[in-house]
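One letter stands for each residue in the lines below.
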Amino acid sequence: MSRRRTLGTKKKIALLVGAATVAGGGAFVMANASNAAQTTQDARTKAAQDAGVCQGLATALGNNQRFIEGQRADPDAQSQARIENREAVVAEIERKQAASGCAVGESAQDSQTSQPPQAGQEAGGQDTGDQAGGQAGDQAGEQVCAGSTVTLSGEGGAPAASSNQFPVGTKLRVTNLDNDKSTTVEVNSVSGSCALLNNAAFEQVREEGKFLIRRALIEKVG
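Residues numbered from 1 in each chain as written. Predicted model: local features only at pLDDT ≥ 70, side-chain atom pairs only at ≥ 80, totals over all residues. Heavy atoms only, no water.

> Could you give an account of the packing of aromatic side chains, with specific residues and numbers?
According to the stated counting rule, one finds zero aromatic pairs in the structure shown. Here the guanidinium or amino end of Arg 86 rests over the ring plane of Phe 67, the centre of that ring lying 4.5 Å away. One Lys or Arg, Arg 206, reaches over the ring of Phe 211 and ends 4.7 Å from the middle of that ring. (Phe/Tyr/Trp six-rings, centres within 6.5 Å; stacked < 30°, edge-to-face > 60°. Lys NZ or Arg CZ within 6 Å of the ring centre and 35° of its normal.)

> Describe the state of the cysteines, and please don't skip the residues or the numbers.
Evaluated as defined, the whole model comprises two disulfides. Between Cys 54 and Cys 102 runs a disulfide, and the two sulfur atoms are separated by 2.1 Å. Looking along the S-S bond of the Cys 54-Cys 102 disulfide, the torsion reads about -90°, which is the left-handed sense. Note that Cys 54 is positioned in helix 1 (residues 2–73) and Cys 102 in the loop between helix 2 (79–99) and strand 1 (141–144), a separation of 48 residues in sequence. According to the relative accessible area criterion, Cys 102 is buried, its value standing at 9%. There is a disulfide in this structure between Cys 145 and Cys 194, and the S-S distance comes to 1.9 Å. (Disulfide = S-S within 2.5 Å. Helix = DSSP H or I, 4+ residues; strand = E, 2+ residues; numbered from the N terminus. Buried < 20%, exposed > 50% of the residue type's maximum accessible area, 1.4 Å probe, protein only.)

In structure tokens:
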């Protein structure tokens, strides 16, 4: 009688161990599935970020190449110096493309083709009477170049901008609508787009890991 009870107890223990093993195996499978899903999501996020980096660098490269072509097509006394400066910038952008795993030398034009301003409008298609609220202090700004993306020129120095629509000395405020960061800079040279920020200015408004501002508010201030 006692022997039968002992065997019964052992069987119960074996059944409990087996059940725990099955439950543990199920939890292990669920954990692996969850980890795999997270890994896939992380990979997709990284791929999207890498695409944004490469597109921004390609846009910056295209802007500089277009500027060089314009200087060669219609040169003046300063064109050669400008071309040499931009060729150095192109080399730096290509170095960043290589470091970021992008196709070196791949270029893209700015999203908005420059058009001459219409009567009663500023460049960018905005009526001259339209005003946008200032985000830097109390100074109001006039929105310009609606729809333009903003990237960097690759040039060093203090925060500044270059433009193909505004003369040297014009103050522009660029706001990244994706993170609400803005910077007010002075145009100090010519470029192939409405507003091209140098490295220092772009760092003030960029999102981490990105070289292109897709949703930008560009204002002429002062």
